[in-house]
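As a plain string of letters, each chain reads:
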Amino acid sequence: MPKYQDKNGKWVIQYKVGYDCKPDPENPGKMKKRIKYKSETVGKLARVANSLLRQREAEWEAKMVEGSIESSAHVNSYTLEELIQWYLALPVTQNKRSYSKDVERSPYLLNYFGDIKANKIKPSMVESFQHDMLKTKSKHGRPFKPSTVNRMVALMKRIFNLALREDMVLKNPCWKVTMLKENNQRDRVISFEQYELLQEQLESHLKPIVAVGYFTGMRLGEILGLTWKQVNMEQGYIDLEPEQTKTSEPRRVYFTEELCQVLERVAKVKGLRHRFVFTYKGKPITSFRRTFRSACQRAGIQDFRFHDLRHTFNTNMRKAGVDQTVIMKLTGHKTPAMFNRYNTVDQQDAKQAMERFNDLLAEQKNEKSSEHVQKG
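Position numbers for residues start from 1 in each chain and track the written sequence from start to end. Totals for whole chains, interfaces and linings use all residues, but because this is a predicted model, local features are given only for residues with pLDDT of at least 70 and pairs of side-chain atoms are given and counted only at 80 or more. The basis for every side-chain value is the complete set of non-hydrogen atoms in the structure, without hydrogens or water.

Caption draft 1: The arrangement of the overall build of the chain in detail. Working definition: helices are DSSP H or I runs of at least four residues, strands are E runs of at least two. Numbering for both runs from the N terminus. What the chain contains, in helices and strands, is 16 helices and 8 strands. Expressed as a percentage of its 376 residues, the buried residues of the chain come to 38%. Counting contacts in the chain only where the partners sit at least 6 residues apart, residues at least 24 apart contribute 60% of the total. Here the accessible surface of atoms and residues is derived via Shrake-Rupley with a 1.4 Å probe, and residues count as covered only by protein chains that are part of the display. When the accessible surface of the chain is totalled, it reaches about 23300 Å², and 50% of it is carbon and sulfur. For the exposure calls, accessible area comes from a 1.4 Å probe over protein chains only, and a residue counts as buried if that area is under 20% of its type's maximum, exposed if over 50%, partly exposed in between. Contacts: residue pairs with any heavy atoms within 4.5 Å of one another.

What follows is the structure, given as structure tokens:
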């Protein structure tokens, strides 16, 4: 009904002004679009109402030709909550290895920006989000670290980038926002004696997992996802599939005779119902962070995480004289910069380096003295 009379006898016209776009529950990842109308009270003269209605309809047609209606309607209608729902429903998002992390981080964005229109979010608001999240406690009871807040902002930035590609928004408020400085580089390693103390405190089903981490430098996710078909006991290596590694590249990891014996003991008690190497009570092990932390405390090892076993392996291999490129091949580091983050130079290394330097200086002095004697 383009026009009608209200109870006072005045004419009211209705005309198109834009689109209202919402996530379509029947088609995940798609948006459902419907036309938005505006009502305007004109007066009691029908000819005036007809004239104004034709004018508004002509304005709509002109904007449709220009394409401005489509763009402005999309920008003005979306909230960040709707963009997040759309993003999480996309197949390309659900196929990401870090999809669970996106789901985990999304509520913090929703709580902060959820009901704000996308075109109303400014870079200053994103910076306020960064500042506030550094004072917000996580589910573990500790304030969020800069690296975690950066991942949240990176998620928001990706959502807006994909929305821009689909002409759902006109700008990305994260573009000019500087990421927080991260200070998450760790150099924590343990000695072999500490490793043995830790093994004594671990539950029996966790000891082999820590052994693999210590003797191969594999990531925890790579270890827990291992299946028996990937383990070659005869030739002593593990084949990792591209989908298991952080770099999405296959990798062959060789293991020592000691670790081979560990895996042989695991194989003797492996379950028949599934293919995974590391299980507990018939189910694959997925996490044991709290148990690992408790074992470290009982062993007297402070500030040590499972991932630090990767640091320890790299450092031990380097001390054993293994070439850096070979270590990078074994651990899956693609760049020397990333390798160096896991290669710890401790006080003993520094002391030995100075001893070698002093030996070199002594040799040079002796050579110089010999030259003087010969000339004399």
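There is more to say after this.
Caption draft 2: View of unusual backbone geometry. Its identity as a non-glycine residue notwithstanding, Lys281 has a phi of 55°, on the positive side. Positionally, Lys281 belongs in the loop between β7 (279-280) and β8 (283-284). Under the relative-accessibility criterion, Lys281 is labelled exposed at 69%. Phi at Asp303 is positive, roughly 50°, even though this residue is not glycine.

Caption draft 3: Examining the confidence of the model for the chain more closely. Taken residue by residue, the chain gives an average pLDDT of 79. The fraction at 70 or more is 76%. Contacts from residues 71-75, a stretch scored under 50 in pLDDT, to residues over four places away or in other chains number 10 contacts. One number per residue, pLDDT, summarises how confident the predictor is, and it ranges from 0 to 100.

Caption draft 4: The pattern of salt bridges, seen in detail. Basic side-chain nitrogens of Lys or Arg form a salt bridge, by our definition, when they fall within 4 Å of a carboxyl oxygen of Asp or Glu. Going through the model one piece at a time under the given rule, you end up with 5 salt bridges. A salt bridge links Arg251 to Glu222; the nearest nitrogen and oxygen atoms lie 2.9 Å apart. Here Arg251, found in strand β6 (residues 251-254), pairs with Glu222, found in helix α10 (residues 220-224); they are 29 residues apart in sequence, far enough to count as distant. For the residue pair Arg251 and Glu222, the accessibility class agrees, reading buried in each case. Members of the salt-bridge network, linked through shared partners, are Arg219, Glu222 and Arg251.

Caption draft 5: Up close: the packing of helix α3 (residues 80-89) against helix α7 (residues 146-165). Every angle, taken between N-to-C directions, lies between 0 and 180 degrees, and every axis is a line fitted to C-alpha atoms, over only the stretch in contact when it is a helix. Viewed as axis vectors pointing N to C, α3 and α7 meet at an angle of 85°, and their least axial separation amounts to 10 Å. One finds that α3 runs roughly perpendicular with respect to α7. Contacts between α3 and α7 involve Leu80, Leu83, Ile84, Trp86 and Tyr87 on the former and, on the latter, Leu155, Met156, Arg158, Ile159, Phe160, Leu162 and Ala163. When its residues are assigned to classes, the contact of α3 with α7 shows 11 nonpolar, no polar and 1 charged. For classification purposes, an angle smaller than 35 degrees is called roughly parallel, one larger than 145 roughly antiparallel, one from 65 to 115 roughly perpendicular, and anything else oblique. Residues are grouped as follows: Ala, Val, Leu, Ile, Met, Phe, Trp, Tyr, Cys and Pro are nonpolar; Asp, Glu, Lys and Arg are charged; every other residue, Gly included, is polar.

Caption draft 6: Quick peek at the packing of helix α8 (residues 192-201) against helix α9 (residues 207-216). For the pair α8 and α9, interaxial distance at closest approach is 10 Å and the crossing angle is 165°. The orientation of α8 with respect to α9, classified from their angle, is roughly antiparallel. Of the two elements, α8 crosses α9, and the hand of that crossing is right-handed. Residues Phe192, Tyr195, Leu198 and Gln199 of α8 pack against Lys207, Val210, Ala211, Tyr214 and Phe215 of α9. Crossing handedness is defined as follows: a turn of the near helix away from the far one that is anticlockwise and smaller than a right angle gives a left-handed crossing, while the clockwise case is right-handed.

Caption draft 7: The arrangement of helix α5 (residues 99-113) in detail. An expected span of 1.5 Å times one less than the residue number is assigned to each helix. Taking 1.5 Å as the rise per residue, α5 with 15 residues should run 21 Å; its terminal C-alpha atoms sit 20 Å apart, in good agreement. To obtain the bend at a residue, axes are fitted to the seven residues ending there and to the seven starting there, and the angle between these axes is taken. The largest bend in α5 amounts to roughly 30° and is located at Arg105, with the proline Pro107 lying one to four residues further along. In this structure, the buried side of α5 is in contact with α3, α4 (91-94), α6 (123-133) and α7.

Caption draft 8: Region of interest: the layout of surface pockets. Of the voids in this model, the second largest pocket is the one considered here, and its volume is about 430 Å³. As for the second largest pocket, its lining consists of 19 residues, and the residues nearest its centre are Ser204, His205, Lys207, Pro208 and Val266. Where the lining of the second largest pocket is concerned, the elements lending two or more residues are α8, α9 and α11 (257-268). The leading source of residues in the lining of the second largest pocket is α11, at 4 residues. In terms of residue class, the lining of the second largest pocket is made up of 8 nonpolar, 7 polar and 4 charged. Cavity means a closed set of points on a 1 Å grid over the protein atoms alone, one where a 1.4 Å probe fits but cannot get out, pocket means an open set with protein on both sides within 12 Å along at least 5 of 7 lines, and lining means a residue has an atom within 4 Å of a point. Grid points are joined across faces, edges and corners, and a volume is the space filled by probe spheres set on the points.

Caption draft 9: Examining a negative patch on the surface more closely. Patch membership requires over 30% relative accessible area and the absence of a salt bridge. Like charges are linked within 9 Å, and nonpolar side chains (Val, Leu, Ile, Met, Phe, Trp, Tyr) within 5 Å. Neither His nor the chain termini are counted; the positive set is Lys and Arg, and the negative set is Asp and Glu. Charge positions come from single atoms, namely NZ of Lys, CZ of Arg, CG of Asp or CD of Glu. There is a patch of like negative charges on the surface, built from Glu193, Glu196, Glu200 and Glu258. In terms of residues, the negative patch owes the most to one element, α8, which gives 3 residues. Examined against the element boundaries, Glu193 turns out to sit in helix α8. Note on Glu193: relative accessible area 57%, which makes it exposed.

Caption draft 10: Spatial organisation of a positive patch on the surface. A grouping of Lys101, Lys139, Arg142, Lys145, Arg289, Arg290, Arg293 and Arg305 is seen on the molecular surface, where their side chains present a positively charged patch. Of all the elements, helix α12 (residues 289-298) adds the most residues to the positive patch, at 3 residues. Assignment of secondary structure puts Arg289 in helix α12.

Caption draft 11: Region of interest: the nonpolar core. By nonpolar core we mean a set of buried residues, namely Ala, Val, Leu, Ile, Met, Phe, Trp, Tyr and Cys, connected to one another through side-chain atoms within 4.5 Å. Ile209, Phe278 and Phe292 are the most contacted members of the largest nonpolar core, which has 38 residues in total. Counting residues per element, the ones that place at least two in this core are α8, α9, α10, β5 (237-240), α11 and α12. Ranked by size, the runner-up nonpolar core spans 30 residues in total, among them Leu80, Leu90, Met152 and Leu155.

Caption draft 12: Fine view of the sheet that holds β6. Note on pairing: two strands pair once DSSP finds at least 2 bridges between them. Sheet architecture is open: 3 strands sit in the order β4-β5-β6, paired in antiparallel fashion. Every other strand in the sheet has two partners, leaving β4 (231-232) and β6 as the edge strands with one partner each. Inspection of the sheet shows β5 paired to β6 by 4 bridges, in the antiparallel sense. Among the inter-strand pairings, Ile238 is bridged to a residue of β6, identified as Val253.

Caption draft 13: Highlighting the packing of aromatic side chains. Aromatic pairing here means that ring centres of Phe, Tyr or Trp (its six-membered ring) are within 6.5 Å. Orientation follows from the plane angle: under 30 degrees is stacked, over 60 is edge-to-face, and everything else is tilted. Counting across every chain of the model gives 14 aromatic pairs. Ring geometry for Tyr112 versus Phe113: centroids 4.9 Å apart, planes at 65°, classification edge-to-face. Their ring planes at 85° and their centres at 5.6 Å tell us that Tyr195 and Phe215 sit as a pair that is edge-to-face. In this pair, Tyr195 sits in helix α8 while Phe215 sits in helix α9, placing the two residues 20 residues apart along the sequence.

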